[in-house]
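# Overview (structure and organization)
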Amino acid sequence: MSEKNIILIGFMGAGKSTVAVELVRYGHFCLLDLDAEIERMAGISIQEIFRQRGESAFRELESQSLQELVGQKRLVVATGGGILGLSQNRDLIKSIGRTVYLRATFPALQKRLSRSIHRPLVKEQPDWMALESLLLSRIPLYETADLIIDTDNKTPKEIATEILHKLAEG
Ligand code: S3P
């Protein structure tokens, strides 16, 4: 089994954290949830970071926590949906491990995000048009992943098994 890290990317609600847990269950990896790591570093929730310090402060912490992964092995990393926004993160992420894009259609994401209560970019009354255009603007970045997995109508377990099979194939 490869020692390379697996880095899950994709939009909010794509299931990165849930699939990461499944991957750890089936492969021999440790779990690292980057948003949780940022909260640990900052000592406050992501929501509070956005509220008190603004999005750019959050992005800085996000970059820092990514840099800390350099040299680590056998991790499954669940990233935040905006991780590829900064070009420095895009370069870094490729050197850290194999990237896997969990692709979901907007209606599927919308369904999951409408139950979301803790994401600063998804308001109580979500602006779906703005979220859809954010998704569209990020798709070309997500599509640079080493592996793309369609996730609609699949369970986290099915997605994790598919990832492990496809990564093992090459
Ligand atoms: C963000 C996604 C969130 C979190 C932050 C910003 C984004 O993570 O990092 O709220 O810009 O898409 P999830 O993708 O895990 O929701």
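You'll find the structure just up there.
All values reported here derive from a predicted model rather than from experimental measurement. (Residues numbered from 1 in each chain as written. Predicted model: local features only at pLDDT ≥ 70, side-chain atom pairs only at ≥ 80, totals over all residues. Heavy atoms only, no water.)

## Overview of the packing of aromatic side chains
Note the cut-off: Aromatic contacts are taken between Phe, Tyr and Trp rings whose centres are within 6.5 Å, Trp giving its six-membered ring; a plane angle under 30 degrees counts as stacked, one over 60 as edge-to-face, and the others as tilted. Strands here are runs of E lasting at least two residues and helices are runs of H or I lasting at least four, both read from the DSSP assignment and numbered beginning at the N terminus.
Overall, the coordinates contain three aromatic pairs when judged by the stated rule. Both rings, one in phenylalanine 106 and one in tryptophan 128, keep their centres 6.3 Å apart while their planes meet at 75 degrees; by these two values the pair is edge-to-face. Of the two residues, phenylalanine 106 is situated in helix 6 (residues 106-113) and tryptophan 128 in helix 7 (residues 128-142); the sequence distance between them amounts to 22 residues.

## Some words on helix 8 (residues 156-169)
As a reminder, the rule being used: To estimate the expected span of a helix, count its residues, drop one, and scale the result by 1.5 Å. Throughout this description, buried means an accessible area under 20% of the type-specific maximum (1.4 Å probe, protein chains only), exposed means over 50%, and partly exposed covers the range between. Arc, as used here, means the arc of the directions from the helix axis to the C-beta atoms. In what follows, a contact means two residues having at least one pair of non-hydrogen atoms within 4.5 Å.
Taking 1.5 Å of rise per residue, the 14 residues of helix 8 would be expected to cover 20 Å, and the 20 Å separating its terminal C-alpha atoms lies within 8% of that figure. Taken together, the buried positions of helix 8 are Ile159, Ala160, Ile163, Leu164 and Leu167. Seen from one end, helix 8 has its buried residues packed into an arc of 130 degrees, which puts them on one side. Exposed residues lying more than 90 degrees from the buried face of helix 8 are His165, Ala168 and Glu169. Contacts made by the buried residues of helix 8 are with strand 1 (5-9), helix 1 (16-26), strand 4 (97-103) and strand 5 (147-150). Where helix 8 terminates, the next one or two residues include glycine 170, which has phi positive at roughly 155 degrees.

## What to know about the layout of surface pockets
In plain terms, the rule: Cavity means a closed set of points on a 1 Å grid over the protein atoms alone, one where a 1.4 Å probe fits but cannot get out, pocket means an open set with protein on both sides within 12 Å along at least 5 of 7 lines, and lining means a residue has an atom within 4 Å of a point. Grid points are joined across faces, edges and corners, and a volume is the space filled by probe spheres set on the points.
Estimated volume of the largest pocket: approximately 740 Å³. Together, 35 residues line the largest pocket, and Gly13, Ser17, Asp35, His118 and Arg119 are the ones closest to its centre. Looking at the lining of the largest pocket, the elements with two or more residues in it are helix 1, helix 2 (34-42), helix 3 (46-53), helix 4 (55-67) and helix 8. Among the elements that make up the lining of the largest pocket, the one with the highest residue count is helix 1 (four residues).

## Some thoughts on the sheet that holds strand 2 (residues 30-33)
Defined as follows: Note on pairing: DSSP must find at least two bridges between two strands before they are called paired. To define axes, lines are fitted to C-alpha atoms, for helices over the stretch in contact only, and angles between the resulting N-to-C directions are given on a 0 to 180 degree scale.
The strand order 2-3-1-4-5 describes an open sheet built from five strands, whose pairing is parallel. Every other strand in the sheet has two partners, leaving strand 2 and strand 5 as the edge strands with one partner each. Here the strands of the sheet are splayed against their neighbours by 25 degrees on average, with no regard to which way each runs. Relative to strand 4, strand 1 runs parallel, the two being bridged by five bridges. The residue of strand 4 that forms the bridge with isoleucine 7 is threonine 99. Relative to strand 2, helix 2 is tilted by about 65 degrees, and along the sheet it contacts strand 2 and strand 3 (75-78).

## Details of the site of the ligand
Here is the rule we go by: Working definition: residue near molecule or strand if any one of its non-hydrogen atoms lies within 4 Å of it. Identification of polar contacts relies on pairs of N or O atoms within 3.5 Å, with a donor-acceptor requirement for protein atoms, meaning one able to donate a hydrogen and the other able to accept it, and with residues adjacent in sequence counted only if both atoms are side-chain atoms. Only the protein chains shown count as cover for residues, and the accessible areas themselves come from Shrake-Rupley with a 1.4 Å probe. Assignment to a cavity or pocket requires that more than half of a molecule's atoms be within 2 Å of the site's grid points. In this count, Pro and Cys sit with the nonpolar residues alongside Ala, Val, Leu, Ile, Met, Phe, Trp and Tyr, while Asp, Glu, Lys and Arg are called charged and the others, Gly among them, polar.
Taken together, 13 residues surround the ligand, and among them Lys16, Asp35, Arg59, Arg119 and Arg138 come closest. A distance of 2.6 Å is found between an oxygen atom of the ligand and a side-chain nitrogen or oxygen belonging to arginine 59. Relative to its free-state accessible area of 390 Å², the ligand is covered by the protein chains to the extent of 95%. Its atoms largely coinciding with the cavity grid, the ligand occupies the largest pocket. When its residues are assigned to classes, the shell around the ligand shows five nonpolar, three polar and five charged.

## Some remarks on the packing of helix 3 against helix 4
So the rule is basically this: Put simply, angles under 35 degrees are roughly parallel, angles over 145 are roughly antiparallel, angles from 65 to 115 are roughly perpendicular, and the rest are oblique.
Two numbers describe how helix 3 lies on helix 4: the axes approach to 7 Å, and their chain directions differ by 130 degrees. Classified by the angle their axes make, helix 3 and helix 4 are oblique. The segment helix 3 lies against helix 4, with Ile46, Ile49, Phe50 and Arg53 engaging Glu55, Ala57, Phe58 and Leu61. Of the residues contributing to the contact of helix 3 with helix 4, the split by class is six nonpolar, no polar and two charged.

## Focus on the pairing of strand 4
Among the seven residues of strand 4, six are classified as buried, and the element is accordingly described as predominantly covered. Strand direction decides the pairing type here: strand 4 and strand 5, joined by four bridges, are parallel. If you follow leucine 102 over to strand 5, its bridge partner there is isoleucine 149.

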